[in-house]
Amino acid sequence: MKHHTEWRIEQHPGHGGMAGSITWTSPAGFAYTVEPTPVTKPIPQFTAAPPAGPGSPNEQPRSIETLDTDPGGASAPF
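Draft legend 1. Quick look at the packing of aromatic side chains. Overall, the coordinates contain one aromatic pair when judged by the stated rule. Judged by centre distance (6.3 Å) and plane angle (35°), the rings of W7 and Y32 are tilted. Within this pair, whereas W7 is found in the segment before β1 (8-11), its partner Y32 is found in strand β3 (residues 31-34), the two being separated by 25 residues in sequence. For W7, a relative accessible area of 39% corresponds to the partly exposed category.

Laid out in structure tokens, this is it:
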């Protein structure tokens with residue numbers, strides 16, 4: 001029968017809740033390892049916030065007096 005072949009399949013354990021890889025071995029002894037396709041997006045890993053600096057979201061608000069004015073002499077805080 002065509003569906004009875006000498007191919008061997010071995011599933012390896014995964015880690016961190018992920019599925020493991022699968023190794024297919026042909027009748028000639030060649031091994032092909034396939035990694036599973038993720039079905040969901042990876043869980044984000046949060047790290048410490050970067051230090052505050054100019055233009056960063058952690059930059060401290062400035063008062064209106066410290067804002068630059070345009071060359072025309074008009075001052076606009078926005």
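Draft legend 2. Fine view of the side chain of T25. Tracing the backbone shows T25 in strand β2 (residues 22-25). A relative accessible area of 12% means that T25 is categorised as buried. Contact partners of T25, with chain neighbours within four places excluded, come to E6, W7, R8, F30 and A31.

Draft legend 3. Representation of the confidence of the model for the protein in the model. The predicted model of the protein has a mean per-residue pLDDT of 74, with 59% of residues at 70 or higher. Put simply, β1 is where the protein has its lowest mean pLDDT, 93, and β3 is where it has its highest, 95.

Draft legend 4. Here's a closer look at the pairing of β3. Of the pairings in the sheet, the one linking β2 to β3 comprises four bridges and is antiparallel in character. Looking at β3, one finds that I22 is bridged to V34. Between the antiparallel neighbours β2 and β3 lie five residues, among them G29 with a positive phi of about 100°.

Draft legend 5. Structural context of the layout of surface pockets. There is about 240 Å³ of room inside the largest pocket. Lining the largest pocket are G16, G17, M18, A19, P36, T37, P38, V39, T40, K41, P42 and I43. Class assignment for the residues of the lining of the largest pocket results in seven nonpolar, four polar and one charged.

Draft legend 6. The arrangement of the sheet that holds β3 in detail. Strand order across the open sheet formed by three strands is β1-β2-β3, with antiparallel pairing between neighbours. Of all the strands in the sheet, just β1 and β3 have a single pairing partner and so form its edges. Put simply, the sheet's adjacent strands are angled 20° from each other on average, direction ignored.

Conventions used here
Residues numbered from 1 in each chain as written. Predicted model: local features only at pLDDT ≥ 70, side-chain atom pairs only at ≥ 80, totals over all residues. Heavy atoms only, no water. Phe/Tyr/Trp six-rings, centres within 6.5 Å; stacked < 30°, edge-to-face > 60°. Helix = DSSP H or I, 4+ residues; strand = E, 2+ residues; numbered from the N terminus. Buried < 20%, exposed > 50% of the residue type's maximum accessible area, 1.4 Å probe, protein only. Contact = heavy atoms within 4.5 Å. pLDDT = per-residue confidence, 0-100. Pairing = 2+ DSSP bridges. 1 Å grid on protein atoms, 1.4 Å probe; cavity = no way out; pocket = protein on both sides within 12 Å on 5 of 7 lines; lining within 4 Å. Points joined across faces, edges and corners; volume = space filled by probe spheres on them. Nonpolar A, V, L, I, M, F, W, Y, C, P; charged D, E, K, R; others polar. Axes fitted to C-alpha atoms, helices over the stretch in contact; angles between N-to-C directions.

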